[in-house]
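Summary of structural features
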Amino acid sequence: MWKSNTIFNHFKSTLNFSLLSSRRFASTIAQNPSTFNSIPHANQVIDFPGGTVKFIPEMRFISESSQERIPCYRVLDDDGQPLANNFVQVSEDVAVRMYNNMVTLQIMDTIFYEVQRQGRISFYATTIGEEAINIASAAALTMDDVIFPQYREPGPLLWRGFTLQEIANQCFSNKYDNGKGRQMPIHYGSNKHNYFTVASTVATQIPHAVGAAYSIKMDKKDACSITYFGDGGSSEGDFHAALNFAAVMEAPVIFLCRNNGWAISTPTSDQFRSDGVVVKGQAYGVCSIRVDGNDALAIYSAVQAAREMAINEERPVLIEALTYRVGHHSTSDDSTKYRPTNEIEWWRLARDPVARFRKWIERNGWWNDMAESELRNSLRQELLHSIQVAENLEKPPIADIFNDVYDVPPSSLREQEQWVKDTVKNHPLDYPENISA
Amino acid sequence: MERDPRVCVMGEDVGHYGGSYKVTKGLAEKYGDLRVLDTPIAENSFTGMGIGAAMTGLRPIVEGMNMGFLLLAFNQISNNCGMLHYTSGGQFTIPIVIRGPGGVGRQLGAEHSQRLESYFQSIPGIQMVACSTPYNAKGLMKAAIRSENPVILFEHVLLYNLKERIPDEEYVLSLEEAEMVRPGEHVTILTYSRMRYHVMQAAKTLVNKGYDPEVIDIRSLKPFDLYTIGCSVKKTHRVLIVEECMRTGGIGASLTAAITENFHDYLDAPIVCLSSQDVPTPYAGTLEEWTVVQPAQIVTAVEQLCQ
């Protein structure tokens, strides 16, 4: 019995559509009747846009989750011992530099948190528990790779040479802040370091990274873009559309999700019901990997491999780094109100990424107790000094309220500026002293 | 696009299809699928993409298939496009152009008949211009592309078929200047986009009745060209604003406030503002017509103003 085939045009089922007009024209040509083929009933296929699809007479629903969770790549065990010998080797210089930066981040966070508690800055958010993600990912990139952070990733800035004084200046919004005092603390940005200014809006940076990758692709640069976001951020619409775009456009971008278990007080079980974020990659045609976020070497290897794939193969890569947000969401949060203290303590002590990496470098003979105490002491001193300097510097001038809204202030803004200056001049006692007019 | 390889276009169906109103027709064939990029349907995200591309050296033009769809992109336009230059301390510029067809068309339904200039006008850091003729469309588009600031260019769904002889050579108009359409002595009529044509139609009637209206197409919606407007007000002492925006919170409302604040002493009568009513635009043809300011209403308003 003839089983008439549906009338679809048969074209090469390659998933490697390059962006040529002629290719795309082909996809919109009206379908022509094809010849009847004599494939037996059980093996009939249909040519849909995207490739050949087999028909089956069984009604098979795909399960919402696979039997096993996607496994997680790690190099070092909890005790800092390599599990295998096939990991990307890191030189002593790089390893020690990585460790130094991780410790810097840890101490910086601890001290600045206290400074906020003392009322000297209005706000702070720590990255405690996520130092490996912060530093190791930056170490695997080059200075030409552009970074689009969420707000829990000051590590790459430190790695790239942003000083503790510059950090302090931003947190105290003084006149040397390169953001000119316009953003909240921890909303760093530095074009010199290819680190784009943090915006408080969640996940808006993800499509920015795709746009930057598009720009890099047009310029044919040997670079990629990378964007960081949390488990919560992956729920925003921008995440999904950005992954989709990046796949369609074959853009060299790395999506690095810090799945740290909590979005303020929302645990991941209330955020999504998929097997984390890594499985979402395949849904958009993006290759992905799950990595132990507290293992500096695993992060380093994965990001380096992802970077090569992104640039050489012109494709996006999704990395889900499993970790834990040891600190509160920010200084406006007390996480003991919604999660057990022993959970926090366990991650803080038993799974500290800094301690784990320290064990590895010490075993290699690259570090010791004396170096540790020297480092911590000198960092503390440097930090306290930077904070003191930053605190006593003048705030940015009034003109900075009105500059940079546009490239050149329009007359309306100049008028408004004059009004403010006149008001401050006429009522000096009503305004703080450390503002210059 | 020919002059500057960094200029690129992104939006839904802009490439292969040439755009919903054929504004980008032929560009994909000429410049390729990457520079004229067809995006998936996610306005907030492709606007975000445009912002990211702009911050890393390109000069993207993001098209909203209809301006109304850009409501979905409000987050990126307000929080990032408008703000990032400022919040980064001037480190990152966003030389993006966001454009698309808007305004009330012919029975396109409420969702496709919106006046986004009302909603966007408060966003700090962006500039807004509205073109109304082939001549100013070319000049304003070039100016917008070359500007270092993010610019929103409002086109009108009913004005795409206008034909006019325009210079072949390059010219760039100012993004902050209004256009004197018809000089006059009796009354200043301020308008923009499609309403310019209703005003000019009313002007013919008014001239026959012995009036001498001065018609100015304000073109720059943010910031207003208060210099040109002010000179006119000082001459005629009467102002009529004719807009397509709704009564509440539209461009007319802001313009009324700006003129009153700056030129109060020169006014012989309160400013009259003719706008659309605060209703979603109905589909039925007659109903739709009544929500838009018609020439007859403009004539009546001028007559009353000049009493």
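Under an unreviewed UniProt entry, the name given to chain B is pyruvate dehydrogenase (acetyl-transferring), and the organism recorded is Stylosanthes scabra.

Named according to an unreviewed UniProt entry, chain A is Dehydrogenase E1 component domain-containing protein originating from Stylosanthes scabra.

On to the overall build of chain A. When its secondary structure is counted, chain A shows 14 helices and nine strands. Burial status across chain A gives 49% buried among its 437 residues. For chain A, the share of sequence-separated contacts (at least 6 apart) that also reach a separation of at least 24 residues comes to 74%. For chain A, the exposed area adds up to about 21300 Å²; of that, 53% sits on carbon and sulfur atoms.

Time to look at the overall build of chain B. Helices and strands together make up the secondary structure of chain B, namely 11 helices and 12 strands. Expected size for 307 residues packed as a compact globule is a radius of gyration near 19 Å; at 19 Å, chain B falls within 12% of this value. Counting over 307 residues, chain B shows a buried share of 60%. Counted over contacts in chain B with a minimum sequence separation of 6, partners at least 24 positions apart contribute 82%. Surface accessibility of chain B: about 11900 Å² in total, with carbon and sulfur atoms responsible for 53%.

Opposite charge on two side chains lets them pair, provided their charged atoms get close. Within the structure shown, the criterion is met by 45 salt bridges over all chains. Through salt bridges with shared partners, a single ionic network connects A:R74, A:D78, A:D292, A:D295, A:R351 and A:R356.

Turning to the interface of chain B and chain A, a few remarks are in order. On the side of chain A, 45 residues touch chain B, which itself brings 45 residues to the contact. Between chain B and chain A lies a buried interface of about 3900 Å² when both sides are counted; carbon and sulfur atoms form 62% of it. By the criterion of area lost to chain A, the three top residues of chain B are B:D33, B:L34 and B:Y86, representing 18% of everything that side buries. At the surface where chain B touches chain A, the tally comes to zero salt bridges.

Mapped onto this structure's residue numbering, the UniProt feature "domain: Transketolase-like pyrimidine-binding" (unreviewed entry) falls at residues 1-162 of chain B. Between the end C-alpha atoms of residues 1-162 of chain B there is a gap of 23 Å, over a span that is 32% helix and 18% strand.

Let us look at the confidence of the model for chain A. On average, residues of chain A score 89 in pLDDT, and 89% of them are at 70 or above. Of the regions scoring below 50 in pLDDT, residues 1-37 of chain A engages in 45 contacts with residues more than four places distant in sequence or in other chains.

Residue and element names in this part refer to chain B. The element strand β8 (residues 187-191) is largely enclosed, with a buried count of five among its five residues. Both faces of β8 are covered, namely the face carrying V187, I189 and T191 and the face carrying T188 and L190. With five bridges connecting them, β8 and strand β9 (residues 213-217) associate as parallel partners. What sits directly across from V187, in β9, is P213. One crossover worth recording links β8 to the parallel β9 by way of helix α7 (residues 195-208), and it is right-handed. Where β8 meets strand β11 (residues 239-246), four bridges bridge the pair, whose relative direction is parallel.

In this section: the UniProt feature "domain: Dehydrogenase E1 component" (unreviewed entry) in chain A. Under the UniProt annotation, "domain: Dehydrogenase E1 component" (unreviewed entry) lies at residues 100-397 of chain A. When the span residues 100-397 of chain A is considered, its composition is 46% helix and 11% strand, and the gap between its end C-alpha atoms is 36 Å.

All names here are of chain B. Look at helix α8 (residues 226-236) against helix α9 (residues 251-263): their axes get within 11 Å of each other, and the N-to-C directions meet at 65°. Regarding α8 and α9, the two cross each other, and that crossing is right-handed. Contacts between α8 and α9 involve L226, I229, G230, V233 and K234 from the former and L255, A258, I259, N262 and F263 from the latter. A class-by-class count of the residues in the contact of α8 with α9 yields seven nonpolar, two polar and one charged.

The next subject is the side chain of B:E179. All names here are of chain B. By the secondary structure assignment, E179 is in strand β7 (residues 179-182). A polar contact of 2.7 Å, which involves the side chain of E179, links it to the side chain of R219. With residues up to four places along the chain from it excluded, the contact list for E179 reads N136, R196, V215, I216, D217 and R219.

Residue and element names in this part refer to chain B. Ordered in space as β7-β9-β8-β11-β12, the five strands form an open sheet in which the pairing is mixed. The open sheet has two edge strands, β7 and β12 (272-276), and neither has a second partner. Strand-to-strand twist of the sheet, defined as the mean angle between neighbouring strand axes without regard to direction, takes the value 25°. This element, α9, spans β8, β11 and β12 of the sheet and lies at about 150° to β11.

A separate point is the pairing of strand β4 (residues 97-102) of chain B. Every other side chain in a regular strand lies on the same face of the sheet, so the side chains alternate between the two faces. Residues and elements named next belong to chain B. Most of β4 sits inside the fold, with six of its six residues counted as buried. Side chains of β4 alternate between two faces, with V97, R99 and P101 and I98, G100 and G102 buried alike. Bridge count for strand β3 (residues 59-63) against β4 is three bridges, and the pairing is parallel. Paired with V62 across the bridge in β4 is I98. Bridge analysis of β4 against strand β6 (residues 151-156) gives six bridges, and the strand direction is parallel.

Residue and element names in this part refer to chain B. Among the secondary structure elements, G105 is positioned in the loop between β4 and α5 (116-120). Among the residues examined, G105 registers a relative accessible area of 2% and is labelled buried. Spatially, the C-alpha atom of G105 lies 9.4 Å from that of L159, the residues being 54 residues apart in sequence. Leaving out residues up to four positions away in the same chain, G105 has contacts with V157, L158 and E288.

It is worth spelling out the state of the cysteines at this point. Residue and element names in this part refer to chain B. Counted by the stated rule, this structure contains zero disulfides over all chains. Counting only cysteine sulfurs, C245 is the nearest neighbor of C273, a cysteine outside any disulfide, at a range of 8.8 Å. Judged by its relative accessible area of 13%, C273 is buried.

Time to look at the packing of helix α3 (residues 131-139) of chain A against helix α9 (residues 296-312) of chain A. Residue and element names in this part refer to chain A. Following both chains from N to C, one finds α3 and α9 inclined at 40°, their axes separated by 8 Å at the closest point. By the angle between their axes, α3 is oblique relative to α9. Judged by the sense of rotation from one axis to the other, the crossing of α3 with α9 is right-handed. Each of A132, I133, A136, S137 and A139 in α3 lies in contact with α9, whose residues at this interface are A296, I299, Y300 and V303. For the contact of α3 with α9, the per-class residue count stands at eight nonpolar, one polar and no charged.

Parameters at a glance
- Residues numbered from 1 in each chain as written.
- Chains lettered and ligands numbered in written order.
- Predicted model: local features only at pLDDT ≥ 70, side-chain atom pairs only at ≥ 80, totals over all residues.
- Heavy atoms only, no water.
- Helix = DSSP H or I, 4+ residues; strand = E, 2+ residues; numbered from the N terminus.
- Buried < 20%, exposed > 50% of the residue type's maximum accessible area, 1.4 Å probe, protein only.
- Contact = heavy atoms within 4.5 Å.
- Areas by Shrake-Rupley, 256 points an atom, 1.4 Å probe, with all protein chains shown as cover.
- Rg over C-alpha atoms; globule rule 2.2 N^0.38 Å.
- Salt bridge = Lys/Arg side-chain N within 4 Å of Asp/Glu carboxyl O.
- Buried area = accessible area lost by both parts, 1.4 Å probe.
- UniProt positions renumbered as here; feature names shortened; annotations may be inferred.
- pLDDT = per-residue confidence, 0-100.
- Pairing = 2+ DSSP bridges.
- Right-handed = clockwise from strand over helix to strand, strands pointing away.
- Axes fitted to C-alpha atoms, helices over the stretch in contact; angles between N-to-C directions.
- Left-handed = near helix turned anticlockwise from the far one by under 90°.
- Nonpolar A, V, L, I, M, F, W, Y, C, P; charged D, E, K, R; others polar.
- Polar contact = N/O pair within 3.5 Å; in protein donor to acceptor, adjacent residues only side chain to side chain.
- Disulfide = S-S within 2.5 Å.
- Parallel < 35°, antiparallel > 145°, perpendicular 65-115°, else oblique.

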